[in-house]
Amino acid sequence: MKVLVPVKRVVDYNVKVRVKSDGTGVDIANVKMSMNPFDEIAVEEAVRLKEAGIASEVIVVSAGVAGCQETLRTAMAIGADRGILIESDADLQPLAVAKLIKAVADKEQPQVVIFGKQAIDDDSNQTGQMFAALQGWPQATFASKVVIADGKATVTREVDGGLETLEMALPAVVTTDLRLNEPRYATLPNIMKAKKKPLETVKPEDLGVDVAPRLKTLKVAEPAKRQAGVKVADVADLVSKLKNEAKVI
Amino acid sequence: MAILVIAEHDNQSLKAATKNAVTAAAKIGGEIHVLVAGSGCANAAAEAAKLAGVAKVKVADAAHYADQTAENIAALVVANAAGYSHIVAPATTNGKNFAPRVAALLDVAQISDIVGVESADTFVRPIYAGNALATVQSADTVKVITVRTTGFEAVAEGGSAAVEAIAAGPDLGKSKLVSRELTKSERPELTAAKIIVSGGRGLGNGENYKTLLEPLADKLGAALGASRAAVDAGFVPNDYQVGQTGKIVAPQLYIAIGISGAIQHLAGMKDSKVIVAINKDPEAPIFQVADYGLVADLFEVVPQLAAAV
Ligand SMILES: Cc1cc2nc3c(=O)[nH]c(=O)nc-3n(C[C@H](O)[C@H](O)[C@H](O)COP(=O)(O)OP(=O)(O)OC[C@H]3O[C@@H](n4cnc5c(N)ncnc54)[C@H](O)[C@@H]3O)c2cc1C
């Protein structure tokens, strides 16, 4: 059984982005880029499925600029077997990415596709669900536990009220939440090995997918800044301010 | 132009998030219909009919909608999409689950987590953990939108919409609910609470979280929240998590205790009206957004605070 894991290259989660002064976007020149943390969890989960003898091959795919090769190498250092880069400089929106991944899945025929639940740059939380819809496959989003056996996936999901567990027949889509696993650190020997693993590059045109954006960003602005308030001396001071000044208790 | 709002409910009653979504729909402008898909959900439909500005409530009542599985709900929404310019759902875990599926089946973009409506095709949404606000315009014929509930007031009651039964779609049988472990609590729901007492790693363990924060929350009638670190360490269940990838809250008062204030946490609470931070580290970033900061050992001051309010 093949497992496919789409991975996105994003601004590292430790970077506090700055909005460009002309309002056209955020400044990502010269900032650290990393694999989207949720996708790292997805890669880890797939690699564990392989280590457990459930998956036969873990394929990682990334859509974006040439630099996504690095992201794919990182995924292969965690343990993915090979990578596919769908190279494009276009603004790739979730629907377009879902269609690109569908084209790859049609060729590779994975039984499970594991996405991160959201990318921490555009915070969309859409691509896995869109891909599942295009395939007509079941989905279990926001997973905190995945069990695959007997052609079925049993997935525990983090939902607003707590947890719920779904059962689905394969092929199926899973999207990861934070507590699914803790991704391993890639060791130096594995980083070296990853450099020799196969990495294929294709273009959206080769896959016959129209990636024209549906949403146009008119402007990007900085949110209203919250002013730091005051330090209070002690609990009595705090309670008095909350009662008399803020009037919230 | 008509707008279809997908109701969030537990079959018995309507969830508050639906009311914020209706307000967003009203800002877009057009006749508002609410779709209630569930099983034995007549009461939830009756509540939806009372919301101000709602013209019609459509009810699809069938056993296979009881658990709100994304495949069945999305198929039903798509089957009923004709004639609507906008399909709107609250950005809850449920809304986020099915709305992108609806959009893909309609071959349109989905616009996530809007906090503002500029016009019928232009919306404001946070990106990068709320560190930037993007204004986006959609070229699609149908706009599929999820609404960040903190961005819009809850709509008032006072409506009396017609309730109409619609045909259920087939049960696609793609996924099946095995079990649900919902956190039981007498406290207000996190996303609807006026006051939130939230704890982080500084509390040390789940026992401390309970013995220190519960008495304070009881006194204030507050909901309890947590940072990711506190959830990861098992102090509290996952649904307590506030932040970029947890719940987005904007109460009247948010009390952050033993929370450092990482950007991912701030993303979930920085729109609160008043923020209090209790932290022993005067340099903790949480103080940059706090209206009232108390630099102190939480083990000492939290019991004092619970006694004083
Ligand atoms: C992809 C991704 C998504 C994330 N999403 C979220 C999210 O949604 N929500 C979220 O919260 N985090 C999220 N995080 C994690 C975030 O980056 C931080 O790691 C987390 O918020 C830290 O939690 P904390 O403040 O409780 O812990 P810490 O950062 O360890 O802070 C503990 C604080 O407690 C204080 N303290 C310790 N002892 C005492 C004492 N006795 N008295 C008073 N103060 C004390 C310390 O001074 C410190 O400031 C995410 C991270 C990633 C990578």
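Per an unreviewed UniProt entry, the recorded name for chain B is Electron transfer flavoprotein alpha subunit apoprotein, and the organism is Azospira oryzae.

An unreviewed UniProt entry annotates chain A as Electron transfer flavoprotein subunit beta of Azospira oryzae. Looking at chain A in UniProt, the text filed under Sequence similarities (unreviewed entry) is "Belongs to the ETF beta-subunit/FixA family."

Participant: Got a minute to help me understand the overall build of chain B in this structure?
Facilitator: A count of helical and extended segments in chain B gives 8 helices and 16 strands. Taken over C-alpha atoms, the radius of gyration comes to 21 Å for chain B, in line with the 19 Å a tight globule of 309 residues would show. Principal-axis analysis of the C-alpha atoms places the extent of chain B at approximately 60 × 40 × 40 Å. A separation threshold of at least 6 residues defines the contact pool for chain B, and within that pool the share at least 24 residues apart is 65%.

Participant: Help me understand the interface of chain B and chain A in this model?
Facilitator: Accessible area lost upon the coming together of the parts serves often as the stated size of an interface. Each partner contributes to the interface: chain B provides 82 residues, whereas chain A provides 74 residues. Counting each side, the surface lost to burial between chain B and chain A is near 6,600 Å², with a carbon and sulfur contribution of 54%. For the interface between chain B and chain A, the tally reads 7 salt bridges. The salt bridge involving Arg214(A) is made with Asp140(B); its shortest N-O contact spans 3.0 Å. Here strand β13 (residues 230-231) of chain A runs beside strand β16 (residues 292-295) of chain B; their pairing, made up of 2 bridges, is parallel. Its bridge partner being in β16(B), Lys231(A) is matched across the sheet by Gly293(B).

Participant: Even after reading the chapter, I still don't get the nonpolar core, so can you show me in this structure?
Facilitator: Generally speaking, nonpolar side chains in soluble globular proteins are found buried as a group. Ranked by internal contacts, the top residues of the largest apolar core, which has 53 residues, are Leu4(A), Phe131(A), Ile6(B), Ile87(B) and Phe98(B). Looking at this core element by element, the count peaks at 9 residues for helix α3 (residues 94-108) of chain A. With sequence-adjacent residues up to four places away left out, Ile87(B) is seen in contact with Leu4(B), Ile6(B), Val77(B), Ala81(B), Val102(B), Leu106(B), Val142(B), Lys143(B), Val144(B) and Ile145(B). Judged by nonpolar contacts, the second largest core, of 43 residues, contains Val220(A), Ile28(B), Val88(B) and Ala132(B).

Participant: What's the story with the packing of aromatic side chains in this structure? I'm lost.
Facilitator: Each aromatic ring pair is specified by the distance between its two centres and by the angle formed by the two planes. Residues and elements named next belong to chain A. Following the criterion strictly, the structure yields 3 aromatic pairs over all chains and no others. Relative to phenylalanine 131, the ring of phenylalanine 115 has its centre 5.4 Å away and its plane inclined at 50°; by these criteria the two rings are tilted. Placement of phenylalanine 115 in strand β6 (residues 112-116) and of phenylalanine 131 in helix α4 (residues 127-135) is noted, with a sequence separation of 16 residues between them. Relative accessible area serves as the criterion here: at 0%, phenylalanine 131 is assigned to the buried category. Residues phenylalanine 131 and tryptophan 137 carry aromatic rings whose centres are separated by 5.5 Å and whose planes lie at 90° to one another, so their mutual orientation is edge-to-face. Cluster of aromatic residues (ring-pair linked, three or more members): Phe115, Phe131 and Trp137.

Participant: Sorry if this is basic, but what is going on with the UniProt feature "domain: Electron transfer flavoprotein alpha/beta-subunit N-terminal" (unreviewed entry) in chain B here?
Facilitator: UniProt records the feature "domain: Electron transfer flavoprotein alpha/beta-subunit N-terminal" (unreviewed entry) for residues 3-181 of chain B in the present numbering. What you have in residues 3-181 of chain B is 24% helix and 35% strand, and the ends, taken at the C-alpha atoms, are 34 Å apart.

Participant: How should I be thinking about the site of the ligand in this particular structure?
Facilitator: Taken together, 29 residues surround the ligand, and among them Arg201(B), Ser227(B), Gln241(B), Ser260(B) and Asn279(B) come closest. The ligand is flanked by residues contributed from chains A and B. With respect to the ligand, the backbone of Arg228(B) contributes an N or O atom lying 2.9 Å from an oxygen atom. Separating a nitrogen atom of the ligand from a side-chain N or O atom of Asp297(B) is a distance of 2.9 Å. A total of 990 Å² of accessible area belongs to the ligand in isolation, and the protein chains cover 85% of it. Here the residues of the shell around the ligand sort into 11 nonpolar, 13 polar and 5 charged.

Participant: Can you walk me through α4(A) in this structure?
Facilitator: Because the α-helix completes a turn every 3.6 residues, residues three or four places apart line up on one side. For α4(A), a buried count of 8 out of 9 residues is recorded, marking the element as mostly surrounded by other parts of the structure. Residues Thr127(A), Gly128(A), Gln129(A), Met130(A), Phe131(A), Ala132(A), Ala133(A) and Gln135(A) constitute the buried set of α4(A). Packed against the buried residues of α4(A) are α3, β6, β7 (139-149) and β10 (172-176) of chain A together with α4 (93-105) and β5 (110-114) of chain B.

Thresholds, definitions, all that
- Residues numbered from 1 in each chain as written.
- Chains lettered and ligands numbered in written order.
- Predicted model: local features only at pLDDT ≥ 70, side-chain atom pairs only at ≥ 80, totals over all residues.
- Heavy atoms only, no water.
- UniProt positions renumbered as here; feature names shortened; annotations may be inferred.
- Helix = DSSP H or I, 4+ residues; strand = E, 2+ residues; numbered from the N terminus.
- Rg over C-alpha atoms; globule rule 2.2 N^0.38 Å.
- Contact = heavy atoms within 4.5 Å.
- Buried area = accessible area lost by both parts, 1.4 Å probe.
- Salt bridge = Lys/Arg side-chain N within 4 Å of Asp/Glu carboxyl O.
- Pairing = 2+ DSSP bridges.
- Core = buried A, V, L, I, M, F, W, Y, C linked by side-chain atoms within 4.5 Å.
- Buried < 20%, exposed > 50% of the residue type's maximum accessible area, 1.4 Å probe, protein only.
- Phe/Tyr/Trp six-rings, centres within 6.5 Å; stacked < 30°, edge-to-face > 60°.
- Near = heavy atom within 4 Å.
- Polar contact = N/O pair within 3.5 Å; in protein donor to acceptor, adjacent residues only side chain to side chain.
- Areas by Shrake-Rupley, 256 points an atom, 1.4 Å probe, with all protein chains shown as cover.
- Nonpolar A, V, L, I, M, F, W, Y, C, P; charged D, E, K, R; others polar.

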